[in-house]
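Here are the chains, one letter per residue:
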Amino acid sequence: MKRKANGGGVLFWAVLISVLLSAFIWSATKEIFAFDKGEAISVTVTVPEGAGLPDVAKIYKKAGLIKYPLVYELYSKLRGDDGKYLSGEFSLSSSLCYDELRRAIKNKKGARTQIRLTFPEGSTVESIIDIFVSAGIGEREKFISVINDFDFGFDFLADIKPDGRIYRLEGYLFPDTYYFYSDSTETEAIYKMLENFNVRFTADMRKRAEKSGFSVDEVLTLASMIEKEAYYKADMPYISSVFQNRLSSRSMPRLESDATVVYAVGRGKRTGVPIKEELTVDSPYNTYRVQGLPPGAICSPGIDAIEAAISPAKSDYYYFICTKNKNAVFSRTYAEHMKAIAADKNN
């Protein structure tokens, strides 16, 4: 009996140590990359002449810029830090990651360049990567790897089902204007966009989405379709109503969205409208063939499209077209829809 109790005790302590070690590793990782460091404040530190890496780690720890000086030292050595720093007073932000803290007190040749980048609503992962790489930030293949495989730890990513998706984080990279450093890593860049989404997609939005029966991922998927189909904000709630009326219909379960077909054949690299032959492409994103929502978003929707997905207009519309002048025309029946198409062709 005693041996069994001792065995259970050993197992308990092994599990406890494993849990604590995992928690420490995640906490240290968040600090290294400045994940979720809270509201940024300015902190003034003094680096004395001749200070080395252990001295700087202690100074940063005392100033509240880091929690783990030994981790900071190890990381700096792994990054090839030579342990030589400028001396004097430095005003540093509490939101800086380890690399930013290292460079902040290095020689002027190590000064970082800040870059302003804007990602429009409706941007795809492909176009987002293009913007980063064109600005000299990161490498394409590394961005793809981070987007598809890195565990960022946000709870809203738990909904994602990878089956059939082209890019895991499509839809979650919030469209906005950002400031990045020219030497930002791919992980740091993507994290900043996800963190912005986490702020902009509010707790109230989540509650309303759940009340309507949609997960966060389903809301983003629907919103991305609305974003790509609509030209004007005013049309978005009605386009949303068309899609949601179809989702609820037994006789018309296919969404038949041109935008999903364009995404399917272009893998996020194409815009425009599909040609007739493309409407039959074999893809889980082709909503002319598959029922219900595609496996994931087809772009990064803005707040207006997200709101429309959560709160559609009340209508009995099942069809719409966007005319040559970019206005949406909605129809209740197929006959009305065909008349709208004919009228647009004749204008």
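Heads up: the structure comes first, above all this text.
Residues numbered from 1 in each chain as written. Predicted model: local features only at pLDDT ≥ 70, side-chain atom pairs only at ≥ 80, totals over all residues. Heavy atoms only, no water.

Quick look at the overall build of the chain now. When helices and strands are counted, the chain shows 13 helices and six strands. The proportion of buried residues among the 347 residues of the chain is 46%. Looking at the chain alone, contacts between residues at least 24 apart form 64% of all its contacts between residues at least 6 apart. With an accessible surface of roughly 18800 Å², the chain has 53% of that area assigned to carbon and sulfur atoms. (Helix = DSSP H or I, 4+ residues; strand = E, 2+ residues; numbered from the N terminus. Buried < 20%, exposed > 50% of the residue type's maximum accessible area, 1.4 Å probe, protein only. Contact = heavy atoms within 4.5 Å. Areas by Shrake-Rupley, 256 points an atom, 1.4 Å probe, with all protein chains shown as cover.)

With that out of the way, let us pick up the side chain of D99. Mapping D99 onto the fold places it in helix α4 (residues 98-104). For D99, the side chain forms a polar contact with the side chain of R102, separated by 3.0 Å. (Polar contact = N/O pair within 3.5 Å; in protein donor to acceptor, adjacent residues only side chain to side chain.)

It is worth spelling out the packing of helix α6 (residues 140-149) against helix α7 (residues 186-200) at this point. The contact between α6 and α7 brings their axes to 9 Å, and the two run at 50°. In terms of their interaxial angle, α6 and α7 are classed as oblique. Relative to α7, α6 is oriented so that their crossing is right-handed. Facing α6, whose interface residues are K142, F143, V146 and I147, α7 presents E186, T187, A189 and I190. Across the contact of α6 with α7, the residue classes tally to five nonpolar, one polar and two charged. (Axes fitted to C-alpha atoms, helices over the stretch in contact; angles between N-to-C directions. Parallel < 35°, antiparallel > 145°, perpendicular 65-115°, else oblique. Left-handed = near helix turned anticlockwise from the far one by under 90°. Nonpolar A, V, L, I, M, F, W, Y, C, P; charged D, E, K, R; others polar.)

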